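Given next are the chains, with one letter for each unit.
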Amino acid sequence: MISKIESLGTGTGKIVSSTNDCEDILRLSQEEILELFKSSGVVLFRGFGVTPIVMKQFSKKFSCSYLKDPTKTSIESVDFVNSVDNGMDASPPHTEHGANPYQPDVIWFCCQTPAQEGGETLFWDGVQLWKEMSKHLKQLFVEKKLKFAFENVPLDILNQWIDGGETIDDCKQVLDNFEDFSYQINEDSTFSLKYIRSAVVKTKYGNQDAFANFLWASHTRGWEIFEDGSKLSNEVADELQKLYDKFTQEISWQAGDLAMIDNSRFMHGRRKFKDNRRRVFTTIAKILD
Ligand SMILES: [Fe+2]
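Residues numbered from 1 in each chain as written. Predicted model: local features only at pLDDT ≥ 70, side-chain atom pairs only at ≥ 80, totals over all residues. Heavy atoms only, no water.

Help me get a handle on the overall build of the chain, residues and values and all.
Along the chain, the regular secondary structure elements total eight helices and 18 strands. Against the compact-globule benchmark of 19 Å for 289 residues, the chain has a radius of gyration of 19 Å, which places it among compact chains. Considered along the principal axes of its C-alpha atoms, the chain spans approximately 60 × 45 × 40 Å. For the chain, buried positions account for 50% of its 289 residues. In the chain, once contacts between residues fewer than 6 apart in sequence are set aside, the share between residues at least 24 apart is 77%. Just so you have it, the chain exposes about 14,200 Å², and 46% of that area is on carbon and sulfur atoms. Here the chain contributes 34 positively and 43 negatively charged side chains, and the mean placements of these two sets differ by 5 Å. (Helix = DSSP H or I, 4+ residues; strand = E, 2+ residues; numbered from the N terminus. Rg over C-alpha atoms; globule rule 2.2 N^0.38 Å. Buried < 20%, exposed > 50% of the residue type's maximum accessible area, 1.4 Å probe, protein only. Contact = heavy atoms within 4.5 Å. Areas by Shrake-Rupley, 256 points an atom, 1.4 Å probe, with all protein chains shown as cover. Lys, Arg positive; Asp, Glu negative; His and termini not counted. Charge placed at Lys NZ, Arg CZ, Asp CG, Glu CD.)

What follows is the structure, encoded as structure tokens:
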């Protein structure tokens, strides 16, 4: 039984704390944790001294498969566990892998060493953002879909993201199963990929509308935003910035913390930091239904 549960931030998030110095996180009830995760969307486990190896072991209890992430540095000792400390910049709100159709249900983070200052992981509840959004902004995002397009992607790069197989035909079989996705194979055997999706999605648990997407990360990179090739107007960008600022929640890391975030409902990001000793690791997975 989980004995100590408190609120995390101002929303639905929860903190599960260890009841003593040597409590083993692997002995927590899988069923209870899953129920807590479904209802709260963000669970922080504190005081269990979680390492990257333990994060992987614990996450296995809830996962049917793991996803690759070539944008991060993998750690050799544990498959599918990556460091998130490649840079020290702030990271804007985004869902993990939100620019492509092969997205994880859950993103896990564990902290080995927090930054002395800054480096908090931030999160935003997409259900709350959608409820609080102005009528005209909602109308915009109902009417216009988001576009994520990638040109001339070589097979080996594509295979760093998905297990597409070694040949183009193998890869086609995988790509054909993705929804809201189209692709073409160019004369030089590279791929052009296009993923069109709404900025508003249904949450995995509860089927609620959530503004959970990769839009702001695209905007900060200067990418085209909408299906018609347009970008955000200054007015819309200002309004969104205010909305994100108002509803930012944060995890102020302690060594040994583990966080579990519902990627269908919550976006995450981080504050910048200047401490090169910070060590935070992540793994992303499809969850057991
Ligand atoms: Fe991320």
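Anyway, onward from the coordinates.
Pulling in residues and values, what's your account of the nonpolar core?
Within the largest apolar cluster, 43 residues are counted, with the highest numbers of intra-cluster contacts made by Phe141, Leu158, Phe211, Leu215, Leu232, Leu240 and Tyr244. A per-element tally of this core places helix H8 (residues 234-246) first, with five residues. Viewed by domain, this core spans two of them, domain 1 (5-88 + 95-126 + 249-287) and domain 2 (127-244), each represented by three or more residues. In this view, Tyr244 contacts Pro93, Trp124, Leu129, Phe211, Leu215, Trp216 and Met267; residues no more than four positions away in its chain are not counted. Listed in part, the 27 residues of the second largest apolar core include Leu28, Phe45, Phe48 and Ile287. (Core = buried A, V, L, I, M, F, W, Y, C linked by side-chain atoms within 4.5 Å. Domains from an automatic or database assignment.)

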